[in-house]
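Observations on the model geometry
Here is what each chain is made of, one letter per residue.
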Amino acid sequence: MTSADPGGGQTLITPVMREWVGSTAPPLTSPPISESDIRRAAIAIYWPEVPPRLYWDAEHAAQTRWGGVIAPEEFNPFAWMIGRAHVGPQPDRVDEQQDALEDARSLRPPGAPPRFLFGGVESSYGARMRPGDVITSLITATDLYERAGRLGPMLFYITEETWTNQSGEIVKTTRTTNIAW
């Protein structure tokens with residue numbers, strides 16, 4: 001679908017899509033992080049090497065500047081939640097409420113072309129995740145633009161996901177570029 005561009009050409013971006021920028025998906029909250037979750041993630045991240053003791057040895061970690069076990073920055077507290085996968089074959093959803101939450105969190109511009117391509121991600125890290133932390137994820141639509149491609153116009157839309165802990169400290173910010181055509 002295209003609409004008239006104020007400059008006289010055609011554009012994929014509709015007024016409804018422009019209104020979409022700034023919208024926020026419903027928040028998602030993780031279960032409390034356990035030492036076991038951190039240990040298992042560290043083993044997977046560092047495999048086949050042994051992960052740093054900071055991620056699995058509480059006695060050792062207590063002697064570090066962190067004062068206890070922390071999670072690797074790559075740790076995902078949402079990884080084992082049912083229905084959270086956004087790539088590959090999708091599992092059956094738990095219920096209609098979970099299905100609606102997942103659809104709302106995809107945060108795709110209304111009326112966007114059906115084909116989709118991942119365009120890249122940039123992450124920055126803040127407070128480290130620790131056992132007992134509860135992480136909340138909030139996704140916001142931050143930008144929308146288009147470019148001409150070999151196969152025609154392409155719609156680029158940017159989302160920013162912010163993770164905060166139960167104290168309101170920012171744990172991670174991820175800026176994702178998505179492409180639809």
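The paragraphs below set out a description of the structure included in this document. (Residues numbered from 1 in each chain as written. Predicted model: local features only at pLDDT ≥ 70, side-chain atom pairs only at ≥ 80, totals over all residues. Heavy atoms only, no water.)

**What about the overall build of the protein?**
- When its secondary structure is counted, the protein shows four helices and seven strands.
- For the protein, the succession of helices and strands along the chain, N to C, is β-β-α-β-α-α-α-β-β-β-β.
- Within the span of the protein, comprising 181 residues, buried residues form 34% of the whole.
- Here the contacts in the protein between residues at least 6 apart in sequence split such that 64% fall between residues at least 24 apart.
- For the protein, the accessible area works out to roughly 10,600 Å², and carbon and sulfur atoms hold 54% of it. (Helix = DSSP H or I, 4+ residues; strand = E, 2+ residues; numbered from the N terminus. Buried < 20%, exposed > 50% of the residue type's maximum accessible area, 1.4 Å probe, protein only. Contact = heavy atoms within 4.5 Å. Areas by Shrake-Rupley, 256 points an atom, 1.4 Å probe, with all protein chains shown as cover.)

**Details of the pairing of strand S7 (residues 170–180)**
- The element S7 is extensively covered by neighbouring structure, given that nine of its eleven residues are classed as buried.
- Pairing geometry for strand S4 (residues 116–125) and S7, over nine bridges, is antiparallel. Within S7, the position partnered with glutamate 122 by the bridge is arginine 175.
- Here strand S6 (residues 152–164) runs beside S7; their pairing, made up of ten bridges, is antiparallel. Across the sheet, the residue bridging to isoleucine 158 is threonine 177, located in S7. (Pairing = 2+ DSSP bridges.)

**Brief notes about the sheet that holds strand S3 (residues 28–29)**
- Read across the open sheet, the five strands follow the order S3-S5-S6-S7-S4; overall the sheet is antiparallel. Two strands in the sheet have a free side with no partner beyond their single neighbour: S3 and S4.
- The sheet contact formed by S3 and strand S5 (residues 136–149) spans two bridges and is antiparallel. If you follow leucine 28 over to S5, its bridge partner there is serine 137.

**Here's the deal with a nonpolar patch on the surface**
- There is a patch of nonpolar side chains on the surface, built from Phe116, Phe118 and Val121 and spanning about 300 Å² of accessible area.
- One can find valine 121 in strand S4.
- According to the relative accessible area criterion, valine 121 is partly exposed, its value standing at 46%. (Patch = residues over 30% accessible without salt bridge, like charges linked within 9 Å, V, L, I, M, F, W, Y side chains within 5 Å. Salt bridge = Lys/Arg side-chain N within 4 Å of Asp/Glu carboxyl O.)

**What to know about unusual backbone geometry**
- A cis geometry characterises the amide bond from tryptophan 47 onward to proline 48, with omega recorded as 5°.
- Locating proline 48 in the fold gives a position in the loop between helix H2 (35–46) and helix H3 (58–62).
- Despite not being glycine, leucine 107 shows a phi value in the positive range, around 40°.
- For leucine 107, the position within the fold is in the loop between helix H4 (96–105) and S4.

**Quick word on the nonpolar core**
- Membership of the largest hydrophobic core comes to 17 residues, with the highest contact counts inside it found for Ile33, Ile38, Tyr55, Phe75, Met129, Ile135 and Trp163.
- Residue contributions to this core peak at three residues, all from H2.
- Non-local contacts of isoleucine 33, meaning those with residues more than four positions away in its chain, are made with Ile38, Phe75, Pro77, Met129, Arg130, Pro131, Gly132, Asp133 and Ile135.
- Within the second largest apolar cluster, 13 residues are counted, among which are Leu12, Ile13, Ala25 and Ala141. (Core = buried A, V, L, I, M, F, W, Y, C linked by side-chain atoms within 4.5 Å.)

**Looking at the pattern of salt bridges**
- Applying the stated criterion across every chain, the model contains three salt bridges.
- Close ionic contact of aspartate 57 with arginine 53 constitutes a salt bridge, the shortest N to O distance being 2.8 Å.
- Of the residues examined, arginine 53 reaches a relative accessible area of 43% and is grouped as partly exposed.
- Residue glutamate 161 is joined to arginine 105 by a salt bridge in which the shortest nitrogen-to-oxygen separation is 3.5 Å. Note that glutamate 161 is positioned in strand S6 and arginine 105 in helix H4, a separation of 56 residues in sequence.
- Assessed through its relative accessible area of 3%, arginine 105 is described here as buried.

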